[in-house]
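Fold and contact review
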Amino acid sequence: MSTAGSEQRRIAVVTGASSGIGEATARALSKRGWHCVLVARREDRLRALAGEIGGDVETCDVGDRVAVEAMASRVLARYPAVRLLVNNAGMPARDTFVDADLDLVERVLAVNYLGGVWCTRALLPGLKASSGAHVVNVVSIAGAIAFARSGPYVASKHAQLAFSRCLRPTLSRHRIAVHTILPGFVQTEGFSQAVLLTRRRSRWLVTDPGRVAEAIAHAVEHRNAEVTVPWFPYRLAMLLHGIAPGPVRAVERLMPRRRR
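This report concerns the structure included in the present document. Keep in mind it's a predicted model, so treat the numbers as computed, not measured.

1. A look at the side chain of Thr15
Along the polypeptide, Thr15 turns up in strand 1 (residues 11-15). On the basis of relative accessible area, Thr15 is assigned to the buried category, the value being 2%. Here Thr15 is in contact with Gly22, Val39, Val62, Val86, Asn87, Asn88, Ala89 and Cys119, once residues within four sequence places are set aside.

As structure tokens, then:
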């Protein structure tokens, strides 16, 4: 396919597209006329979604740099110009740094942080070839607030937030806009918020993937640099975390402990 052809189709690469925020984002973008390349490990889920929205399927573990580079090579062979990359793939790690298996610490860092770095670098030629491309990094409020019970996950998201903020001025000279999305607690298959949802005093903190997906699409359309979903109470919590950590600790006590 020619560069002009891929430009006309508005190609979006969405990682972690087999469920949750990634799936909802692919659906939201497809409704807006984007052609989505769906990236994840579960091929059966991707093919079912692709059949619904007319997207492409790329099975890939973003925590494997060689696999990411091979995936990007295949995508760019079909679509030399990529208008949008959504770095959404992620995994939980609900444990402290003292208790977590060290293999898990390495794995969550590779998937949640390095996966976005590798995908961005590997697809950068296609982003540069597009006219006014976008990179969306789906981080988390955990990138700005430290929850001790999810230490490895929090550290990976802090790294991802720094990456996203550093990437914005770096890519601006190539006319590539970078958007950072910071969702609060989101009920998904991989990140169950069942405990929070069963308690009246905490269920209001939980949002759904569709709301985050709409925020992603809106950020791209309106060139918003950093978006917290929902704004209240999470943006306020991020601002107060450094000077008033007490409320954050109170919320953490509501979060589930890992069963041993």
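Here the narrative resumes.
2. Looking at the nonpolar core
Among the nonpolar cores identified, the biggest contains 48 residues, and Val13, Val68, Val75 and Leu127 are the most heavily contacted of them. Taken together, the elements giving at least two residues each to this core come down to strand 1, strand 2 (35-40), helix 4 (65-78), helix 5 (102-129), helix 6 (151-172), strand 6 (177-183) and helix 9 (231-240). Looking at this core, the element that brings in the most residues is helix 5, giving nine residues. With sequence-adjacent residues up to four places away left out, Leu127 is seen in contact with Val82, Arg83, Leu84, Leu85, Thr120, Ala133, His134, Val135 and Ile176.

3. Describing a nonpolar patch on the surface
On the surface, Trp204, Trp231, Phe232, Leu236, Leu239 and Leu240 cluster together to form a nonpolar patch covering roughly 680 Å² of accessible area. Looking at the secondary structure, you find Trp231 in helix 9. Residue classification places Trp231 among the exposed residues on the basis of a relative accessible area of 53%.

4. Re the packing of aromatic side chains
The full count for this structure, using the stated rule, is four aromatic pairs. Aromatic side chains Phe185 and Tyr234 sit 6.1 Å apart centroid to centroid with 70° between the ring planes, which places their arrangement in the edge-to-face category. One end of the pair, Phe185, is in strand 7 (residues 185-186); the other, Tyr234, is in helix 9, with 49 residues separating them in the sequence. Each member of the pair, Phe185 as well as Tyr234, carries the same accessibility label: buried. Clustering of aromatic rings is evident, with ring pairs tying together Phe147, Phe185 and Tyr234.

5. Digging into the pairing of strand 1
Buried residues dominate strand 1, accounting for five of its five residues. Where burial is concerned, the two faces of strand 1 agree: the one with Ile11, Val13 and Thr15 and the one with Ala12 and Val14 are both buried. The sheet contact formed by strand 1 and strand 2 spans five bridges and is parallel. When the bridges of strand 2 are listed, Val13 appears paired with Val37. Since strand 1 and strand 2 lie parallel, the crossover through helix 2 (residues 20-31) that links them has a hand, and here it is right-handed. Relative to strand 4 (residues 84-87), strand 1 runs parallel, the two being bridged by three bridges. The residue of strand 4 that forms the bridge with Ala12 is Leu84.

6. Remarks on the environment of Arg121
Note on placement: Arg121 falls in helix 5. Residues Arg121 and Ala72, spaced 49 residues apart in sequence, show a C-alpha to C-alpha distance of 9.4 Å.

7. A short note on the pattern of salt bridges
Counted by the stated rule, this structure contains 14 salt bridges. Across the pair Glu23 and Arg27 runs a salt bridge, and its minimum N-O distance is 2.9 Å. Of this pair, Glu23 and Arg27 are both found in helix 2, four residues apart, which corresponds to roughly one turn of the helix. On the basis of relative accessible area, Glu23 is assigned to the partly exposed category, the value being 24%. Its salt-bridge partner being Glu189, residue Arg42 comes within 3.0 Å of it at the nearest N-O pair. Remark: Glu189 occurs in the loop between strand 7 and helix 7 (194-197) and Arg42 occurs in the loop between strand 2 and helix 3 (43-53); sequence separation between them is 147 residues.

8. Regarding the side chain of Thr207
Assignment of secondary structure puts Thr207 in strand 8 (residues 206-207). On the basis of relative accessibility, which here comes to 8%, the residue Thr207 falls in the buried class. Ignoring anything within four residues of it in the chain, the contact list for Thr207 reads Phe185, Val186, Gln187, Val212, Val229 and Pro230.

Conventions adopted
- Residues numbered from 1 in each chain as written.
- Predicted model: local features only at pLDDT ≥ 70, side-chain atom pairs only at ≥ 80, totals over all residues.
- Heavy atoms only, no water.
- Helix = DSSP H or I, 4+ residues; strand = E, 2+ residues; numbered from the N terminus.
- Buried < 20%, exposed > 50% of the residue type's maximum accessible area, 1.4 Å probe, protein only.
- Contact = heavy atoms within 4.5 Å.
- Core = buried A, V, L, I, M, F, W, Y, C linked by side-chain atoms within 4.5 Å.
- Patch = residues over 30% accessible without salt bridge, like charges linked within 9 Å, V, L, I, M, F, W, Y side chains within 5 Å.
- Areas by Shrake-Rupley, 256 points an atom, 1.4 Å probe, with all protein chains shown as cover.
- Salt bridge = Lys/Arg side-chain N within 4 Å of Asp/Glu carboxyl O.
- Phe/Tyr/Trp six-rings, centres within 6.5 Å; stacked < 30°, edge-to-face > 60°.
- Pairing = 2+ DSSP bridges.
- Right-handed = clockwise from strand over helix to strand, strands pointing away.

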